[in-house]
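What follows is each chain in one-letter form.
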Amino acid sequence: MAFSKALIASLLISLLLIQLVEADQQVTSASKGTGDPNKIDCDGSCAARCRLSSRPRLCKRACGTCCARCNCVPPGTAGNQEMCPCYASLTTHGGRRKCP
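Residues numbered from 1 in each chain as written. Predicted model: local features only at pLDDT ≥ 70, side-chain atom pairs only at ≥ 80, totals over all residues. Heavy atoms only, no water.

(A) Just the nonpolar core, in detail. One finds C63, V73 and Y87 to be the most contacted residues of the largest nonpolar core, which totals 13 residues. Of all elements in the fold, only α2 (42–49) and α3 (56–70) reach the threshold of two or more residues within this core. If you tally residues by element for this core, the top one is α3, at 5 residues. Not counting chain neighbours up to four residues away, the residues in contact with Y87 comprise R49, C63, C66, C70, C72, V73, P74, Q81, C99 and P100. (Core = buried A, V, L, I, M, F, W, Y, C linked by side-chain atoms within 4.5 Å. Buried < 20%, exposed > 50% of the residue type's maximum accessible area, 1.4 Å probe, protein only. Helix = DSSP H or I, 4+ residues; strand = E, 2+ residues; numbered from the N terminus. Contact = heavy atoms within 4.5 Å.)

As structure tokens, this is what we get:
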């Protein structure tokens with residue numbers, strides 16, 4: 001009788017422990033899986049920004065770097081840099097604007 005009580009108690013504790021671990025994994029994956037809700041789609045934004053560029057690959061690469069750092073891409077295909085101060089402030093080693 002004592003053996004069956006111990007067996008039942010250990011099963012209940014095991015089930016409770018499994019439930020807690022699964023709940024913790026769901027909370028952890030929910031917080032990591034969705035990412036930052038304010039994060040923009042850099043690929044789409046840079047594709048729109050660079051669509052009229054004479055060098056689209058270079059433009060998208062530079063824009064993607066700037067977008068990843070600033071989480072912002074100015075609207076339109078050129079100018080409007082005042083909309084994203086971080087984007088406008090990034091420069092190359094030569095002092096020229098990095099972001100298209």
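(B) Spotlight on α2. Those residues of α2 lying buried are C42, C46 and R49. Summarising the axial view, the buried residues of α2 lie within an arc of 55°, below the 170-degree limit, and thus occupy one face. Where the residues of α2 are buried, they touch α3 and α4 (85–89). (Arc of directions from axis to C-beta.)

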